[in-house]
Amino acid sequence: MRLWLSHELARQISHHALSEQPREACGVLLGAGEQVKRVIPITNTAGDPLRHYHMDERELARVIGGVDGLNLVGFYHSHPKSEPIPSPEDVKHAHYPATPYLIVGLKDLNQPQWAAWRIDYAQVSRVELHVGDAPPPLDHQALSTRARIAILTSALIAFILMIIISLSLLPPAPPIPR
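It should be emphasised that the depicted structure is a prediction, and the values quoted were computed from it without experimental measurement.

Caption draft 1: A look at unusual backbone geometry. Across the junction of Gln21 and Pro22, the peptide omega takes the value 0°, indicating a cis bond. Within the secondary structure, Pro22 sits in the loop between helix 1 (7–19) and strand 2 (26–32). Despite not being glycine, Asp68 has its phi angle at roughly 55°, a positive value. Looking at the secondary structure, you find Asp68 in the loop between helix 2 (57–64) and strand 4 (71–79). Positive phi, normally seen in glycine, also occurs at Tyr121, with a value near 50°. In this structure, Tyr121 sits in the loop between strand 6 (113–120) and strand 7 (123–131). For Tyr121, a relative accessible area of 71% gives the class exposed.

In structure tokens form, the structure reads like this:
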């Protein structure tokens, strides 16, 4: 899984996070596939917005189904005084398991840090984050041993089937004269 933001959208998120200081900022990422095409800030209605975030449910409901043909790609929020690592509270309240959560860490206001995470039922894993105007490079990951065995087995079965079908389509051999 990967998340792709243009420099302009990353700047918008940073601006939102810095403008909400010392409160946590939050919002929705809309786009297609792994590409974010629009950032929509959402009001933080948490009881303690200095340490937590809770997206305004009305605002969230208006955009969660998509806007202008765009789909939900992810969510974002800021950590005003810490690293961009999901807190136990973030993990507890992650209700969209297949959706990346982008966190902007503002521990150093001059150098915001970014990280994206997938939080599946309390299981946290890093999501590759690409910030740039050009598309991210294609993954050329090596195939696993199981994948190689499956491909070779499929090719062998296809080859054997082609031979059997070819032999079954041959006309009968002519009789040999004596």
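Back to the write-up after that little detour.
Caption draft 2: Representation of the side chain of Ser6 within the structure. With respect to the element layout, Ser6 can be found in the loop between strand 1 (2–5) and helix 1. Of the polar contacts made by the side chain of Ser6, one reaches the backbone nitrogen of Leu9; its length is 3.2 Å. Dropping the residues within four chain positions of it, Ser6 is found in contact with Val131, Gly132 and Asp133.

Caption draft 3: Spatial organisation of the packing of aromatic side chains. Applying the stated rule across the entire model yields two aromatic pairs. On the numbers, 4.9 Å between centres and 50° between planes, the contact of Phe75 with Tyr96 is tilted. Here Tyr96 lies in the loop between helix 3 (88–92) and strand 5 (100–105) and Phe75 lies in strand 4, a separation of 21 residues in the sequence. We classify Tyr96 as partly exposed; its relative accessible area is 33%. Taken together, the ring pairs connect Phe75, Tyr96 and Tyr101 into an aromatic cluster.

What counts, and at which threshold
Residues numbered from 1 in each chain as written. Predicted model: local features only at pLDDT ≥ 70, side-chain atom pairs only at ≥ 80, totals over all residues. Heavy atoms only, no water. Helix = DSSP H or I, 4+ residues; strand = E, 2+ residues; numbered from the N terminus. Buried < 20%, exposed > 50% of the residue type's maximum accessible area, 1.4 Å probe, protein only. Polar contact = N/O pair within 3.5 Å; in protein donor to acceptor, adjacent residues only side chain to side chain. Contact = heavy atoms within 4.5 Å. Phe/Tyr/Trp six-rings, centres within 6.5 Å; stacked < 30°, edge-to-face > 60°.

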